[in-house]
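The primary structure of each chain is shown beneath.
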Amino acid sequence: MKYMIKTWGCQMNVLDSDKMGGILQGIGYEATDDEREADVILLNTCSVREGPENKVFTELGRLKPLKKDRRVILGLVGCVAQQEKAGVFKRAPYVDLVMGPRAVRNLPELLAQARYQHAIDTQFHDDSILFPDQVIARSSATKAYITIMEGCNKRCTFCIVPTTRGRETYRPMSAIVDEARRAVDAGYKEVELLGQNVNCWKCEGLRFQDLLAAVSDIPGLRRLRFTTSHPRHFPLEAADLMGERDNICNYLHLPVQAGSDRILKVMRRQYDRAWYLDLIDAIRARVPGIAFSTDIIVGFPGESEEDFQETLGVVRRVEYDTAFSFRFSPRPGTPAEGMEAVPEAVARERHQRLLDLQLQIQTRRFAAYEGRVVEVLVEGKSKKGGQFSGRTEDNKVVNFTTARVPAVNSFLDVKITRSAVNSLVGEVIE
Ligand code: SAM
């Protein structure tokens, strides 16, 4: 019996798919990339914007004919499944299984049921946080994703995540540290702690910074990352640790979403522009040379040209190494859904201006690496621009050439000869 899982979305979706893969392997399934030979096909997708959501229904329609000749189980899992619930069967009756992100452990029972009737589980199971990590079939050879919490208690007016992933629940510190230790023992050099709002992790009086220190203490762990942080809750103690400890990477994803106080307030982000910029300065003072990335929403309801200029101002001031920007997409049931939209053409034009500005900044920042030697964790063959590919501590992709085939998951010193828009190009120093 074979399975195929297609994943769209953030790191949490990737890790959920690795958990499903592990479960399926544990009950005798083998992974395949060929949909024509798969007995189970699961589409795991995020629903933070409407685009990916529509895409998954198109994909389901494309896969439907596979069910004509063979008994294939077709499942929609993850955040769209959670959001649409039994409505999925109305929209696409040929789907056999619908499973939300906090019901992953029940996959075997749902599969058994799906052979005879529609199977669905979209409950927020509290024990989802206790998923046994030994079951995970990790898809990355270089980085072990580790769940530290699930859900989100924030109430950002644009965001569907609290609806699709439920209230925050925190994994005990000992379980997280044990999993990280097992990952390092299995050969992983890099660990990334995951949660929708990791800075709010807590357990028995311990806070996020205590967890960060405990994981960083694991012998043999060379790189430690975490995502996603929230500017309102990011503890400066974590920045101190980043500055003090070599194995906590000098890279921070700190979503700003908007630069205007008025818009931040309507978004309910619980910080203003000055707070965010002070935080950036305080972190930079503690972690010299840190690379920042961010998320930005363009065209949030009510955003004026002046508001948008404030966003551009933040981008100019911070000089992000990378910025993920999105046009606002109204999500069902969120407070922003009913707010008056910025005309699409205006939002598109603003988005392009933001992309242009970021491109200028990024080009300059990446060019500053030319001539420098960086340590790269080898990920494998490169898709373009060199023979092999890996990442720096500050999360930049480096495509490099070398006389010898390097081992995946090893560290190499690479001299940067050229910079591209989203990557660096170099040669291994023999
Ligand atoms: N939990 C994280 C936080 O609070 O920053 C972010 C999680 S979300 C999966 C990733 C990004 O998608 C967000 O930071 C935001 O920029 C974007 N996003 C979320 N909802 C959106 C919406 N309705 N329209 C456009 N972009 C959205």
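Structure's up top.
As a convention, each chain's residues are numbered from 1 in the sequence order in which they are written. Under the rules for a predicted model, residues below a pLDDT of 70 receive no local features and side-chain atom pairs below 80 are neither given nor counted, while totals for whole chains, interfaces and linings still include all residues. Processing note: side-chain calculations cover all non-hydrogen atoms of the structure and skip hydrogens and water entirely.

Caption draft 1: Examining the packing of helix α13 (residues 305–318) against helix α14 (residues 344–367) more closely. Contact pair α13 / α14: the axes reach a minimum separation of 10 Å and the direction vectors enclose 15 degrees. With respect to their mutual orientation, α13 and α14 come out roughly parallel. Crossing handedness for the pair α13 and α14: right-handed. Every residue of α14 that contacts α13 at Glu305, Phe308, Gln309, Leu312, Val315 and Arg316 is listed here: Arg350, Arg353, Leu354, Leu357, Gln358 and Ile361. Polar here means any residue outside two lists: the nonpolar Ala, Val, Leu, Ile, Met, Phe, Trp, Tyr, Cys and Pro, and the charged Asp, Glu, Lys and Arg; Gly therefore counts as polar. The class makeup of the residues in the contact of α13 with α14 is six nonpolar, two polar and four charged. Where helices are involved, their axes are fitted lines through C-alpha atoms of the stretch in contact, as for all axes, and angles between N-to-C directions lie from 0 to 180°. What counts as a helix is a DSSP run of H or I of at least four residues, what counts as a strand is a run of E of at least two, and both are numbered from the N terminus. Roughly parallel means an angle under 35 degrees; roughly antiparallel means over 145; roughly perpendicular covers 65 to 115; every other angle is labelled oblique. In this scheme the crossing of two helices becomes right-handed for a clockwise turn of the near helix relative to the far one and left-handed for an anticlockwise turn of less than a right angle. Contacts are residue-level and defined by heavy atoms, with any inter-residue pair within 4.5 Å sufficient.

Caption draft 2: View of the environment of Tyr271. Along the chain, the position of Tyr271 falls in the loop between α11 (261–267) and α12 (273–286). By relative accessible area, Tyr271 is classed as buried at 7%. Placed 41 residues apart in sequence, Tyr271 and His230 show a C-alpha to C-alpha distance of 9.7 Å. Setting aside its immediate chain neighbours within four residues, Tyr271 contacts His230, Pro231, Arg232, Pro255, Val256, Gln257, Leu264 and Tyr276. Throughout this description, buried means an accessible area under 20% of the type-specific maximum (1.4 Å probe, protein chains only), exposed means over 50%, and partly exposed covers the range between.

Caption draft 3: Local environment of the packing of aromatic side chains. Only centres within 6.5 Å qualify two rings of Phe, Tyr or Trp (six-membered ring in Trp) as a pair; their planes then separate them into stacked at under 30 degrees, edge-to-face at over 60, and tilted for everything else. Under the definition given, this model contains four aromatic pairs. The interplanar angle of 35 degrees and the centroid separation of 6.0 Å between the aromatic rings of Tyr271 and Tyr276 together place this pair among those described as tilted. A single burial state applies to Tyr271 and to Tyr276, both of which are buried. Relative to Phe400, the ring of Phe388 has its centre 6.1 Å away and its plane inclined at 35 degrees; by these criteria the two rings are tilted. Of the two residues, Phe388 sits in strand β18 (residues 388–391) while Phe400 sits in strand β19 (residues 397–401), which places them 12 residues apart along the sequence. Both residues of the pair, Phe388 and Phe400, belong to the buried class. Over a ring means this: the NZ of a Lys or the CZ of an Arg is within 6 Å of the ring centre and within 35 degrees of the ring normal. Here Arg222 stacks its cationic end above the ring of Phe411, 3.9 Å away from the centre of that ring. When the ring centre of Trp275 is taken as reference, the NZ or CZ atom of Arg232 above it lies at 4.9 Å.

Caption draft 4: Main features of the pattern of salt bridges. Should a side-chain nitrogen of Lys or Arg be within 4 Å of a carboxyl oxygen of Asp or Glu, the pair is scored as a salt bridge. Using the criterion set out here, one finds 39 salt bridges in the structure. Between Asp39 and Arg70 there is a salt bridge, with its nearest N and O atoms 3.8 Å apart. Taken together, the positions of Asp39 in the loop between β2 (30–31) and β3 (40–45) and Arg70 in the loop between α3 (66–69) and β4 (73–78) put the pair 31 residues apart, joining distant regions of the chain. Residue class for Asp39 comes out buried when judged on its relative accessible area of 17%. Look at Arg70 and you get partly exposed, because its relative accessible area is 30%. One salt bridge connects Glu190 with Arg223, and the closest N-O pair in it is separated by 4.0 Å. Of this pair, Glu190 sits in strand β10 (residues 190–194) while Arg223 sits in strand β13 (residues 223–227), placing them 33 residues apart in sequence. Owing to a relative accessible area of 3%, Glu190 belongs among the buried residues under this scheme.

Caption draft 5: Inspection of the sheet that holds strand β15 (residues 291–298) at higher detail. The criterion for strand pairing is that DSSP finds at least two bridges linking the strands in question. A sheet is described by the order of its strands in space; here three strands give the open sequence β14-β15-β16, paired in parallel fashion. At either margin of the open sheet sits one strand with a lone partner, and together these are β14 (251–253) and β16 (322–327). Ignoring strand direction, the axes of neighbouring strands in this sheet form an average angle of 10 degrees.

Caption draft 6: Spatial organisation of the environment of Glu168. Here Glu168 lies in the loop between α7 (161–165) and β9 (169–170). On the basis of relative accessible area, Glu168 is assigned to the buried category, the value being 12%. Along the primary structure Glu168 and Phe234 are separated by 66 residues, whereas in three dimensions their C-alpha atoms are 16 Å apart. Contact partners of Glu168, with chain neighbours within four places excluded, come to Met149, Glu150, Gly151, Cys152, Asn153, Asn197 and Cys200. Under the rule applied, a polar contact is a pair of N or O atoms within 3.5 Å (in protein, one hydrogen donor and one hydrogen acceptor; residues adjacent in sequence only if both atoms are side-chain atoms). Among the polar contacts made by the side chain of Glu168, one reaches the side chain of Tyr170 at a distance of 2.6 Å.

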